[in-house]
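Observations on the model geometry
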Amino acid sequence: MNPFRSAAETAAAIGAGHVTSGAVLAECLDRIDRLNPMLNAFTTVTADRARARAAAIDASGAKPGPLTGVPFAVKNLIDVAGLPTLAGSKINHDHPPATVDAPVITRLEAAGAILVGALNMGEYAYDFTGENAHHGPSRNPHDITRMTGGSSGGSGGAVGGGLVPLTLGSDTNGSIRVPASFCGLFGLKPTYGRLTRAGSFAFVSSLDHLGPLARSVADLALAYDAMQGYDPTDPVCVDRPADLVAGSIHQGIGGLRIATAGGYFQAGASVDALTALNAAVAALDASEIVTIPDTHRARSAAYIISTTEGAGLHLQRLRTRPRDFDPDVRDRLIAGALVPAAAVVQAQKFRRWYREQLLALFQHVDAILAPATPTVAPLIGQKSIVLDGQEMPLRPNIGIYTQPISFIGLPVVAVPIPTASGLPIGVQIITAPWREDLALRIARALEAAGVAKAPTPKLEP
């Protein structure tokens, strides 16, 4: 079978009896064995667990759910029973193994999916590049000399390289959407509080989200539906009914008001980023341009909140094991610990005001388009990029278009757009809280039109 088939196609083939879960899994594990040394996406492969799960599914003769037999993997900050939850760090190797799976894993398995492992990531999720000082960099399947983006770098590389059709990542400031952009994937950052984060290692609890990456909109929708549901063990998970979306993604975009973010969201963008955005705008007839006020301040406020809250979480580790951190991560956390409290108070006040401005825009439009990253994937080890004619540090500036959205918790779907350079780049579809359904419908319209698509890399002769 085609290793780049979708999760939906895999589940359908198993459900129809054309192939067994065991055969799909064997193919998946073989591909991981052959290609992971090149891509460095997985830190652990749970082969024995996966084989037992596949055998149980095949022996039952029943189809447990819409993801029956679909292999998936999770960013290694999500608890997997029997494994220490690494969160991309050296320090967490010393932690005891998790005793139970995170709820998002349990829910995907209840839909029939099969966990095959844990994935590489930037240390403690404080990363936009996918370069890990302890486990090595994740490598982009479209050009292994380039970054996957981070911090969910292994999540992007594993799906982009066809190792698995579905992964989970986390997104604090853009860590699902950046790898989706660089690796040519669809990625969903849901509304803050929609999906439980219980059983995951926090970075910035007031900003953290979990969500899926996949090669199709249908796969995003299936995974999102499977993971929905209130969970009182995550204090920010909102107690509201599930809004299932898989059945509505094909409804089209008739009557939807789609605008494009101007100003800040196009300043600094490369030719590739603007060309991709314009392709989406043309396909959706999104001629209206909206200006989101003070977005440069929003990015600054997001940074202050991220670095101070992250520093607070790691203070004890910084005091006792400073040499075991990635030096770049350690220095940013130490800097966060030194930010004056007054600056944090101002950032939080601004955060509330900025959210109100965005919600007011959604009284007049249903969705807003914006670039996901300013450039295609940079080279591994690259330290700077050119933005608006100025050379700037790369690591803090990859997320210039994602940070201002994450920090107010809006749902976003990133869609991959091919470029003339041969590398993909992403466009964000931003909607009002709890309107993931609209973002996914628009993403599906772009996919159906052939504008958004996950490219197939050439990894083997």
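Just above, that's the structure.
Let us look at the structure shown here. In this numbering scheme, every chain counts its residues from 1 along its sequence in written order. Reporting of local features is limited, given that this is a predicted model, to residues whose pLDDT is at least 70; pairs of side-chain atoms are given and counted only at 80 or more, and all residues count toward the totals for whole chains, interfaces and linings. To get the side-chain values, all heavy atoms of the structure are used, and hydrogens and water are removed first.

Observations regarding empty space enclosed by the protein
Space left empty within the atom packing is revealed by a probe, the size of a water molecule, rolled over the atoms. Of the grid points, spaced at 1 Å and generated over the protein atoms alone, those admitting a 1.4 Å probe that cannot get out make up cavities, while open sets with protein on both sides within 12 Å along at least five of seven lines make up pockets; any residue with an atom within 4 Å of a point is treated as lining. Grid points are joined across faces, edges and corners, and a volume is the space filled by probe spheres set on the points. All told, the structure shown has two cavities of 30 Å³ or more when counted by the stated rule. Forming the walls of the largest cavity are Pro-3, Arg-5, Thr-10, Val-24, Glu-27, Cys-28, Arg-31, Pro-71, Gly-162, Leu-163, Val-164 and Pro-165. Helix and strand assignments come from DSSP, with helices taken as H or I runs of at least 4 residues and strands as E runs of at least 2, each series counted from the N terminus. At four residues, helix α2 (residues 21–39) tops the list of elements feeding residues into the lining of the largest cavity. Amino acids outside the nonpolar list (Ala, Val, Leu, Ile, Met, Phe, Trp, Tyr, Cys, Pro) and the charged list (Asp, Glu, Lys, Arg) are all regarded as polar, and Gly is one of them. Considering only residue class, the lining of the largest cavity consists of seven nonpolar, two polar and three charged. Approximately 40 Å³ is the volume found for the second largest cavity. If you go around the second largest cavity, the residues you meet are Pro-190, Thr-191, Tyr-192, Gly-193, Arg-194, Leu-195, Arg-197, Asp-208, His-209 and Leu-210. Residue composition of the lining of the second largest cavity, grouped by class: four nonpolar, three polar and three charged.

Some thoughts on the layout of surface pockets
Computed from the structure, the largest pocket encloses a volume of approximately 270 Å³. As for the largest pocket, its lining consists of 13 residues, of which Tyr-264, Ala-267, Arg-299, Leu-387 and Ile-400 are closest to the centre. With three residues, the top contributor of residues to the lining of the largest pocket is helix α9 (residues 295–320). Here the lining of the largest pocket is composed, by residue class, of six nonpolar, five polar and two charged.

Describing the packing of helix α4 (residues 103–110) against helix α7 (residues 217–227)
What counts as an axis is a line fitted to C-alpha atoms, over the stretch in contact for a helix, and the angles between N-to-C directions run from 0 to 180 degrees. One way to put it is that α4 packs onto α7 with a least axis distance of 8 Å and a crossing angle of 115 degrees. The orientation of α4 relative to α7 falls into the category roughly perpendicular. In this structure, α4 meets α7 at a crossing whose hand is right-handed. Side by side, α4 and α7 meet where Val-104, Arg-107 and Leu-108 of the first sit next to Ala-223, Ala-226 and Met-227 of the second. A class-by-class count of the residues in the contact of α4 with α7 yields five nonpolar, no polar and one charged. We call two directions roughly parallel when the angle between them is under 35 degrees, roughly antiparallel when it is over 145, roughly perpendicular when it lies between 65 and 115, and oblique otherwise. Note on convention: the crossing is left-handed when the near helix lies turned anticlockwise from the far helix by less than a right angle, right-handed when the turn is clockwise. Contact between two residues is taken to exist if any of their heavy atoms lie within 4.5 Å; hydrogens are not considered.

So, the pattern of salt bridges
One side-chain nitrogen of Lys or Arg within 4 Å of one carboxyl oxygen of Asp or Glu is enough to make a salt bridge. Enumeration according to the criterion identifies 20 salt bridges in this entry. Measuring nitrogen to oxygen at the nearest pair gives 2.8 Å for the salt bridge that ties Asp-324 to Arg-321. Relative accessibility under 20% of the residue-type maximum defines a buried residue, over 50% an exposed one, and the middle range a partly exposed one, all with a 1.4 Å probe and only protein chains included. Judged by relative accessible area, Asp-324 falls into the buried class, the value being 16%. Taken together, the salt bridges that share partners define one network made up of Lys-90, Asp-94, Arg-321 and Asp-324.

A look at the packing of aromatic side chains
Note on aromatic pairs: the rings of Phe, Tyr and Trp (six-membered ring only in Trp) are paired at centre separations within 6.5 Å, and the planes decide the class, stacked below 30 degrees, edge-to-face beyond 60, tilted for the rest. Throughout the structure, instances matching the rule amount to nine aromatic pairs. When the centroid spacing of 5.9 Å and the interplanar angle of 40 degrees are considered together, the rings of Tyr-354 and Phe-407 count as tilted. You can see Tyr-354 sitting in helix α11 (residues 341–361) and its partner Phe-407 sitting in the loop between α13 (403–406) and β14 (412–417), a full 53 residues away along the chain. In this pair, the class of Tyr-354 matches that of Phe-407, namely buried. Grouping aromatic residues by their ring pairs yields a cluster made of Phe-350, Trp-353, Tyr-354 and Phe-407. When the NZ atom of lysine or the CZ atom of arginine is within 6 Å of a ring's centre and also within 35 degrees of its normal, the charge is said to sit over that ring. The positively charged end of Arg-240 is found above the aromatic ring belonging to Trp-434, 4.3 Å away from the centroid. When the ring centre of Tyr-126 is taken as origin, the NZ or CZ atom of Arg-332, which lies over that ring, is 4.4 Å away.

Thoughts on the side chain of Ser-151
Looking at where Ser-151 falls in the secondary structure, it is placed in the loop between β5 (143–147) and α5 (153–160). Among the polar contacts made by the side chain of Ser-151, one reaches the side chain of Lys-75 at a distance of 2.6 Å. Contact partners of Ser-151, with chain neighbours within four places excluded, come to Lys-75, Asn-120, Met-121, Gly-122, Ala-125, Asp-127 and Ser-175. Each polar contact in these results corresponds to two N or O atoms within 3.5 Å; when the atoms are within protein, one needs to be able to donate a hydrogen and the other to accept it, and residues that are neighboring in sequence are counted only if both atoms are side-chain atoms.

Side note on helix α14 (residues 436–448)
One fewer than the residue count of a helix, multiplied by 1.5 Å, yields its expected span. With 13 residues, α14 extends 18 Å from end C-alpha to end C-alpha; this agrees with the ideal 18 Å at 1.5 Å per step. With 10 of its 13 residues buried, α14 lies for the most part within the structure. Taken together, the buried positions of α14 are occupied by Glu-436, Asp-437, Leu-438, Ala-439, Leu-440, Arg-441, Ile-442, Ala-443, Leu-446 and Glu-447. Positive backbone phi, at 80 degrees, marks Gly-450, one or two positions downstream of α14.

Examining the pairing of strand β3 (residues 114–119)
With six of six residues buried, β3 lies mostly within the body of the structure. Pairing between strand β1 (residues 42–45) and β3: three bridges, direction antiparallel. Within β3, the residue paired with Phe-42 across the bridge is Leu-119. Any two strands with at least two DSSP-identified bridges between them are counted as paired. The pairing of strand β2 (residues 71–75) with β3 spans five bridges and is classified as parallel. When the bridges of β3 are listed, Lys-75 appears paired with Leu-119. At this point the chain moves from β2, through α4, to the parallel β3, and the crossover so formed is right-handed. Handedness of a crossover is defined as follows: orient the strands so they point away from the viewer, and if the path from the first strand over the helix to the second runs clockwise, the crossover is right-handed.

Some words on the pairing of strand β6 (residues 166–171)
The buried fraction of β6 is high, at six of six residues. Burial of β6 is two-sided: the residues Leu-166, Leu-168 and Ser-170 facing one way and the residues Thr-167, Gly-169 and Asp-171 facing the other way are all buried. Summarising the sheet, β2 and β6 pair through three bridges and their orientation is parallel. What sits directly across from Phe-72, in β6, is Leu-166. Two strands pair when backbone bridges link them, and β6 and strand β8 (residues 209–214) are joined in this way by six bridges, in the antiparallel orientation. Bridging from a neighbouring strand, Leu-166 pairs with Ala-214 of β8.

Section: unusual backbone geometry
Backbone torsion omega between Gly-150 and Ser-151 reads 10 degrees, so that peptide bond is classified as cis. The phi dihedral of Ala-87 falls on the positive side, at around 50 degrees, and the residue is not glycine. Examined against the element boundaries, Ala-87 turns out to sit in the loop between β2 and α4. Taking the relative accessible area as the measure of exposure, Ala-87 reaches 1% and is therefore buried. Positive phi is not limited to glycine here, since Ala-125 has a value of about 65 degrees. Note on placement: Ala-125 falls in the loop between β3 and β4 (139–140).

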